[in-house]
Amino acid sequence: VLPRYGEMLFYLNTYYSRLAYLQSKDKISKLECNQRLVSILNTERILSKDKILVHKFFIHLSKKEQKKRFKESKVEKRDWEFSPYDKDQWKPYD
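In this report, we go over the structure that sits alongside the text. (Residues numbered from 1 in each chain as written. Predicted model: local features only at pLDDT ≥ 70, side-chain atom pairs only at ≥ 80, totals over all residues. Heavy atoms only, no water.)

1. A word on the environment of Tyr-11
- Positionally, Tyr-11 belongs in the segment before α1 (15–24).
- Each C-alpha atom, one on Tyr-11 and one on Lys-56, is 9.7 Å from the other, the two residues being 45 residues apart in sequence. (Helix = DSSP H or I, 4+ residues; strand = E, 2+ residues; numbered from the N terminus.)

2. Thoughts on the nonpolar core
- Core analysis: the largest hydrophobic core is formed by eight residues, namely Tyr-16, Leu-19, Tyr-21, Leu-22, Ile-28, Cys-33, Ile-40 and Tyr-85.
- Only α1 and α2 (30–49) provide two or more residues apiece to this core.
- The leading source of residues in this core is α1, at four residues.
- The residues touching Ile-28, leaving out its near neighbours within four places in the chain, are Leu-19, Leu-22, Gln-23, Cys-33 and Arg-36. (Core = buried A, V, L, I, M, F, W, Y, C linked by side-chain atoms within 4.5 Å. Buried < 20%, exposed > 50% of the residue type's maximum accessible area, 1.4 Å probe, protein only. Contact = heavy atoms within 4.5 Å.)

3. Structural notes on the side chain of Glu-44
- Locating Glu-44 in the fold gives a position in helix α2.
- Residue classification places Glu-44 among the buried residues on the basis of a relative accessible area of 7%.
- Excluding residues within four positions of it along the chain, Glu-44 makes contact with Tyr-15, Tyr-16, Val-54 and Lys-56.

4. With respect to helix α3 (residues 63–75)
- For α3, which comprises 13 residues, the first-to-last C-alpha distance of 18 Å matches the rise-based estimate of 18 Å (1.5 Å per residue) to within 8%.
- Phi for Lys-77, located one or two positions after α3, is positive at around 55°. (Expected span 1.5 Å × (residues − 1).)

5. Some points on the pattern of salt bridges
- By the definition in use, this model includes five salt bridges.
- Glu-65 is the partner of Lys-68 in a salt bridge, and the nearest nitrogen-oxygen pair spans 3.9 Å. Of this pair, Lys-68 and Glu-65 both sit in helix α3, three residues apart, which is roughly one turn of the helix.
- Among the residues examined, Glu-65 registers a relative accessible area of 24% and is labelled partly exposed.
- Of the charged contacts in the structure, one is a salt bridge between Lys-68 and Glu-72, with a shortest N-O distance of 3.9 Å. Remark: Glu-72 and Lys-68 occur in helix α3; sequence separation between them is four residues, near one turn of the helix.
- One network of salt bridges, in which partners are shared, links Glu-65, Lys-68, Arg-69 and Glu-72. (Salt bridge = Lys/Arg side-chain N within 4 Å of Asp/Glu carboxyl O.)

6. Here's the deal with the environment of His-55
- Relative to the helices and strands, His-55 is located in the loop between α2 and α3.
- Classification of His-55 by relative accessible area gives exposed; the value is 59%.
- Taking the C-alpha atoms as reference, His-55 lies 10.0 Å from Glu-44; in sequence the two are eleven residues apart.

See the structure below:
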């Protein structure tokens, strides 16, 4: 899904985080990871040529803050906030 002219669109847990996750779990070879990165960069170049601005934000949350957010989500029964993928990523910090 791409935004129309003048609109804005935010992606959460984008392709970069998915690649990092797959690589950290040894579920993807270095060659395949590099090929996917080249594909991502090429896609971003195409979007830029079509005058779509691509802004990347990389947010870091401390282990303490991540744990706090997971606990709050469980207490407030907001399980919809976290996918199985998110929960699997959390295991090393649990």
